[in-house]
Amino acid sequence: MRDRELTRLLGWPGYRVYRHEIDERAKTLKLWIRRKRGNRQLVCSGCGRKLEDAHDFSEREVRDLPCMEFRTTVVVELYRVCCPDCGIRIEKVPQLPSKAPFSKRFEDAVGQACESAAARQVALRFGLASSTVRAIDLRYLERWVAARRTPGLTQMGVDEIHLGKKQKFITVVSNLDTGEPVWFGRERKKESLDEFFRTELSAGQRKRIAAACVDMWEPYRLSIEQWAPNCRIIYDKFHVMQHANQAIDEVRRAEFFRKGGPMRGLVKGKRWLLLSRWTNLSAGKRQELNRIFALNRRVFKAYLLKESLDRLWTYHYEGAMLNYLQRWIDQLRWQRLAPFQKLALLLLDHLDGILNYCRTKVPLGVVEAINGNIKSLLRRGRGYKNLRYLLLKAQRMAATRTEFMVFRKAA
Ligand SMILES: [Zn+2]
């Protein structure tokens, strides 16, 4: 094949192939390329200034997309410019976005593959190290986020996610309108959220925040009250139900585990059964749950309490919601279920924020969905030491999902 045809196959705008090597046994193709005759304008990589003269040139080898079954590398002739502002700098080439030995479109292909597969699998497919794949993916996501407009924040979610024994908690701030996480911070202190308000938003942006869905967690409330004066705090269903799930788990442990012996074996691994909603269970699972209930009335009662609390959010009028909650708390009497009594006190302490659900409309289930996305990323990726990477990953996940939905609707 001649170089001119290879130039057409390569398709780097402004560049032509002047030499090539094909190794049929190793299945590799190597192309040497340089600027086409008409493409003489150089761009400073420091400031973007256009320059005419080259200072000197060098060669750089990058891996590009494969050609048929041939692994392709491209050796690019690269110039340095003498910029009046930046001094001697390498020229800017769109296909070479970083110092890494890969072309932009190769990195894009790796990044796209990482959207639906774990880094390990992508690494195998492309013949790269996992760490290299993650570094490429991170650059791909950084380029994506730099090119897009950040949506305004009027309704926010604040959530905590447990990362593991070492890192413990991170604080997740999300945008409820777009369903995207916006910021991750270490730990879950007041200072964690303070940092978000201080570093990410202007005073004007902070004033525009109208509502926040948060957990009944004092440090977050204090931070929001300090920084976002117009923000109404809502203790939403997802967060309240998390506490209800904790309560039922405590009852389960008290009733079965501490008694030891054969009772212990019966409920081992049944935690999620008790945390699941009845309507979401199959007939077999319902039977399993019924067997546990037959053994222990108190666990049964706790389960009913959890299930009925869920219905609190079917009310849209403050009075009705309050009424229902009052009746729910009345049921606790004589039950001697300490974890639920504790929960009732917690709810009464945060009553105003719970009733805010009736006063401000916030999209339901968004915080939960974002939380779920991040957890599935954590499960799949095994250890995100780099929080920035985890954030970009979760953002991309949310954004591509909405893009997909828009596409489906249009079709
Ligand atoms: Zn410059």
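Residues numbered from 1 in each chain as written. Predicted model: local features only at pLDDT ≥ 70, side-chain atom pairs only at ≥ 80, totals over all residues. Heavy atoms only, no water.

### Looking at the packing of aromatic side chains
Summed over the entire model, instances satisfying the criterion amount to twelve aromatic pairs. Between F57 and Y79, the aromatic rings sit 5.9 Å apart at their centres with planes inclined by 45 degrees, giving tilted as the arrangement. Taken together, the residues span a long stretch of sequence, with F57 in strand β5 (residues 54-63) and Y79 in strand β6 (residues 71-83) at a distance of 22 residues. Here Y315 and Y324 contribute two aromatic rings whose centre-to-centre distance is 5.1 Å and whose plane-to-plane angle is 35 degrees, an arrangement assigned as tilted. Geometry around F169 places R188 over its ring, the cationic atom sitting 3.9 Å from the centre. (Phe/Tyr/Trp six-rings, centres within 6.5 Å; stacked < 30°, edge-to-face > 60°. Helix = DSSP H or I, 4+ residues; strand = E, 2+ residues; numbered from the N terminus. Lys NZ or Arg CZ within 6 Å of the ring centre and 35° of its normal.)

### Notes on unusual backbone geometry
In this model, M68 sits at a positive phi of 50 degrees, which is unusual for a non-glycine residue. By the secondary structure assignment, M68 is in the loop between β5 and β6. On the basis of relative accessible area, M68 is assigned to the exposed category, the value being 75%. (Buried < 20%, exposed > 50% of the residue type's maximum accessible area, 1.4 Å probe, protein only.)

### With respect to the domain arrangement of the protein
As assigned here, the protein comprises domain 1 (1-96), domain 2 (101-147), domain 3 (157-236 + 383-410) and domain 4 (240-359). Domain 2 and domain 3 are separated by 26 Å when their C-alpha centres are compared. With ten residues of domain 2 in contact, the opposing surface of domain 3 contributes nine residues. Note on domain 2 versus domain 3: buried area summed over both sides is about 940 Å², and carbon and sulfur give 60% of it. Taken together, the connections running from domain 2 to domain 3 amount to three salt bridges. Here D137 makes a salt bridge to K393, at a shortest N to O gap of 2.7 Å. Those elements that place two or more of their residues in the side of domain 2 that touches domain 3 are α2 (104-116) and α4 (130-147). Looking at which element gives the most residues to the side of domain 2 that touches domain 3, the answer is α4, with eight residues. (Domains from an automatic or database assignment. Contact = heavy atoms within 4.5 Å. Buried area = accessible area lost by both parts, 1.4 Å probe. Salt bridge = Lys/Arg side-chain N within 4 Å of Asp/Glu carboxyl O.)

### With respect to the packing of α2 against helix α3 (residues 119-126)
Contact pair α2 / α3: the axes reach a minimum separation of 9 Å and the direction vectors enclose 140 degrees. Between α2 and α3, the angle is such that the two are oblique. Of the two possible hands of crossing, α2 and α3 adopt the one that is right-handed. Across the interface between the two elements, F106, A109, V110, A113 and C114 from α2 touch V122, R125 and F126 from α3. Split by residue class, the contact of α2 with α3 holds seven nonpolar, no polar and one charged. (Axes fitted to C-alpha atoms, helices over the stretch in contact; angles between N-to-C directions. Parallel < 35°, antiparallel > 145°, perpendicular 65-115°, else oblique. Left-handed = near helix turned anticlockwise from the far one by under 90°. Nonpolar A, V, L, I, M, F, W, Y, C, P; charged D, E, K, R; others polar.)

### Examining the coordination of the zinc ion
Angles at a metal have ideal values that depend on geometry: 109.5 degrees with four tetrahedral donors, 90 or 180 degrees with six octahedral donors. Protein coordination at the zinc ion: the donors are C44 (SG), C47 (SG), C83 (SG) and C86 (SG), at 2.3 Å from the metal. Angles of 105 to 113 degrees at the metal separate the four donor atoms of the zinc ion, which places the site in the tetrahedral class. Donor residues for the zinc ion, ordered by position in the chain, follow C-x2-C-x35-C-x2-C. Looking at C44, the relative accessible area reads 0%, which means it is buried. Owing to a relative accessible area of 42%, C47 belongs among the partly exposed residues under this scheme. (Donors = N, O, S within 2.8 Å, 3.2 Å for Na, K, Ca; no water. Tetrahedral: all angles 85-135°; square planar, octahedral: opposite > 155°, others 65-115°.)

### A look at the packing of helix α8 (residues 237-257) against helix α12 (residues 297-309)
Two numbers describe how α8 lies on α12: the axes approach to 10 Å, and their chain directions differ by 175 degrees. Relative to α12, the element α8 lies roughly antiparallel. Contact residues: V240, M241, A244, N245, I248, V251, R252, E255 and F256 in α8; R298, V299, A302, Y303, K306 and L309 in α12. Looking at side-chain class alone, the contact of α8 with α12 contains ten nonpolar, one polar and four charged residues.

### Examining the nonpolar core
Within the largest apolar cluster, 84 residues are counted, with the highest numbers of intra-cluster contacts made by F197, I224, L309 and F340. With nine residues, the single largest contributor to this core is α8. In this view, F340 contacts A244, A247, I248, V251, A302, L305, K306, W328 and L332; residues no more than four positions away in its chain are not counted. Listed in part, the 15 residues of the second largest apolar core include F70, V76, V93 and L96. (Core = buried A, V, L, I, M, F, W, Y, C linked by side-chain atoms within 4.5 Å.)

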